[in-house]
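Letter by letter, the chains look like this.
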Amino acid sequence: MAAAAIEQRARVARALGIAWMSSRPHDLLYRHNAALGPKNDLVLVTLGREDAGRAVRLLRGGKRLELTAKIELESGLPRSAENVIGEIRGSDRPDEVVIVGAHLDSWDLGTGTLDNGCNVALVIDVARQMKRLGLAPRRTIRFALWNGEEQGLYGSLGYVKKHAAELDKHVMAASFDTGTGRIQGFLTGGRADLMPVVDEFLRPVAGLGPFTQVNFATPGTDHYDFMMEGVPSLMADQESATYGPNYHARSDTFDKADARQLKLNAAIAGAVTWGFANRDKALPRLSGTEVEAIVEKTDLKGLMQAFDLYDDYTAGRRGRRP
Ligand SMILES: [Zn+2]
């Protein structure tokens, strides 16, 4: 969260780039999140923590250091990528849609197991188990594997833009994106009315709890553009487990996944999805004024600024405006 201010100081000082000191031990490398996202134009590299520590000692001792780095990158736009979406059609309200999603793309230092291959498996498993059991939901359930999440939530944004005329009929959009730690509840995106509803839907899996819903609105992951359009949205709130230390790192590999907990999480995801797909009354979509109240009266505005999303919102390029 300090990156935006550090990048700003580097710009003012006309730095050529920034060599970040890894925040993690054992020379672990990871992909640093540039505060400006794709708009970043500084060269950013991450040094292993121990290597950076040595450089700091030498600099403090009065040595002049040089850094030579060969960075192989491709540039040039546009790039395209596809979402993968499957659905089970609703039996009596097929035009009303519940979305359960996770992102398919990942950074390639590691193999992207925790971020986010495991939750792609979760989404597929919910679909597979509903099919296997022959369940017929009243509303349509869409199983969405989003692409381009890591670059700026582009897959889910593309969906929201393409389906803009149908968003009144989108009843809920949930995202799972934090590894295989236990789901301890859901973030309800500034909507207190979602909390008791989710409580109710989790009752059949109460033995996998306890669960606590937290009414917190964050850009976080692919629920964001649904939330900003006033569609009820959820982000799974998971125990950190192995996620934090391996986040965007070369250590995000298969051995870090907890297969048993992932299966239990799929049951939790299934219960919530099923609840929204069958409940008599759907929660209303928020108006632009109501969305604005969440942005301006919670921590969401600051988080949007930290991820360079606020200007697109105020300019009317992204999100529902009053
Ligand atoms: Zn992710």
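Scroll up to find the structure.
Residues numbered from 1 in each chain as written. Predicted model: local features only at pLDDT ≥ 70, side-chain atom pairs only at ≥ 80, totals over all residues. Heavy atoms only, no water.

**What about the pattern of salt bridges?**
Here is step 1 of the chain: A full pass over the atoms with the stated rule returns 18 salt bridges.
Here is step 2 of the chain: For E96, the salt bridge is made with R139, and the minimal N-O distance between the two is 2.6 Å. With a gap of 43 residues between them, E96 in strand β4 (residues 93-103) and R139 in strand β5 (residues 139-146) connect regions that are remote in the sequence. Exposure class is identical for E96 and R139. Each is buried.
Here is step 3 of the chain: Salt bridges sharing partners connect three or more residues here, namely E87, R89 and R142. (Salt bridge = Lys/Arg side-chain N within 4 Å of Asp/Glu carboxyl O. Helix = DSSP H or I, 4+ residues; strand = E, 2+ residues; numbered from the N terminus. Buried < 20%, exposed > 50% of the residue type's maximum accessible area, 1.4 Å probe, protein only.)

**Remarks on the side chain of T113**
Here is step 1 of the chain: Following the sequence through the fold, T113 ends up in helix α3 (residues 113-132).
Here is step 2 of the chain: A polar side-chain atom of T113 sits 3.4 Å from a polar atom in the side chain of T111.
Here is step 3 of the chain: Here the side chain of T113 touches F254 through a polar contact of 3.0 Å, landing on its backbone nitrogen. (Polar contact = N/O pair within 3.5 Å; in protein donor to acceptor, adjacent residues only side chain to side chain.)

**What about the coordination of the zinc ion?**
Here is step 1 of the chain: Here the zinc ion is held by H103 (NE2), D115 (OD), D177 (OD) and D177 (OD), and the distances to it run 1.9 to 2.6 Å.
Here is step 2 of the chain: Around the zinc ion, the four donor atoms are arranged such that angles at the metal cover 54 to 149°; this shape is classified as irregular.
Here is step 3 of the chain: Ordering the donors of the zinc ion by residue number gives the pattern H-x11-D-x61-D. Linking H103 in strand β4 with D115 in helix α3, this pair joins segments that are 12 residues apart in sequence.
Here is step 4 of the chain: For H103, a relative accessible area of 1% corresponds to the buried category. (Donors = N, O, S within 2.8 Å, 3.2 Å for Na, K, Ca; no water. Tetrahedral: all angles 85-135°; square planar, octahedral: opposite > 155°, others 65-115°.)

**A short note on the nonpolar core**
Here is step 1 of the chain: Among the nonpolar cores identified, the biggest contains 38 residues, and F143, F176, F186, L234 and F276 are the most heavily contacted of them.
Here is step 2 of the chain: At the level of secondary structure, the elements contributing two or more residues to this core comprise β4, α3, β5, β6 (170-175), β7 (183-187), α6 (194-201), β8 (233-238) and α9 (259-278).
Here is step 3 of the chain: Ranked by the residues each element gives to this core, the list is headed by α9, at eight residues.
Here is step 4 of the chain: Excluding anything up to four places from it in sequence, L234 contacts M172, A173, A174, S175, F186, L187, T188, L194, V198, H223, V272 and F276. (Core = buried A, V, L, I, M, F, W, Y, C linked by side-chain atoms within 4.5 Å. Contact = heavy atoms within 4.5 Å.)

**Side note on the packing of α6 against α9**
Here is step 1 of the chain: It is at 8 Å that the axes of α6 and α9 come closest, and there the two elements cross at 115°. It follows from the interaxial angle that α6 and α9 lie roughly perpendicular. Judged by the twist between their axes, the crossing of α6 over α9 is right-handed. Taken together, the residues of α9 that come into contact with α6 (itself represented by L194, V197, V198 and F201) are A271, V272, G275 and F276. (Axes fitted to C-alpha atoms, helices over the stretch in contact; angles between N-to-C directions. Parallel < 35°, antiparallel > 145°, perpendicular 65-115°, else oblique. Left-handed = near helix turned anticlockwise from the far one by under 90°.)

**Observations concerning the packing of aromatic side chains**
Here is step 1 of the chain: Taken as a whole and judged by the stated rule, the model has seven aromatic pairs.
Here is step 2 of the chain: Taken together, a centroid distance of 4.9 Å and an interplanar angle of 75° make the contact between F201 and F276 edge-to-face. Linking F201 in helix α6 with F276 in helix α9, this pair joins segments that are 75 residues apart in sequence.
Here is step 3 of the chain: By the ring-pair criterion, three or more aromatic residues cluster together here, those being W146, Y159 and F226.
Here is step 4 of the chain: Taking NZ or CZ as reference, R24 lies 4.1 Å from the ring centre of Y30, over its face.
Here is step 5 of the chain: When the ring centre of Y313 is taken as reference, the NZ or CZ atom of R321 above it lies at 4.4 Å. (Phe/Tyr/Trp six-rings, centres within 6.5 Å; stacked < 30°, edge-to-face > 60°. Lys NZ or Arg CZ within 6 Å of the ring centre and 35° of its normal.)

**Description of helix α10 (residues 288-297)**
Since the α-helix advances by 3.6 residues per turn, residues separated by three or four positions end up pointing in the same direction.
Here is step 1 of the chain: Looking at α10, one finds that the buried residues are G288, V291, I294 and V295. Down the axis of α10, the buried set is contained in an arc of 120°. They therefore lie on one face. Those residues of α10 that are exposed and angled more than 90 degrees off the buried face are T289 and K297.
Here is step 2 of the chain: Taken together, the buried residues of α10 touch α7 (224-228), α11 (300-306) and α12 (310-314). (Arc of directions from axis to C-beta.)

**With respect to the environment of L65**
Here is step 1 of the chain: Within the secondary structure, L65 is located in the loop between α2 (49-60) and β3 (84-88).
Here is step 2 of the chain: Overall, the relative accessible area of 38% leaves L65 in the partly exposed class.
Here is step 3 of the chain: When the C-alpha atoms of L65 and Q261 are compared, they prove to be 47 Å apart, with 196 residues separating the residues in sequence.
Here is step 4 of the chain: Other than its neighbours up to four places away in sequence, L65 contacts A55, L58 and L59.

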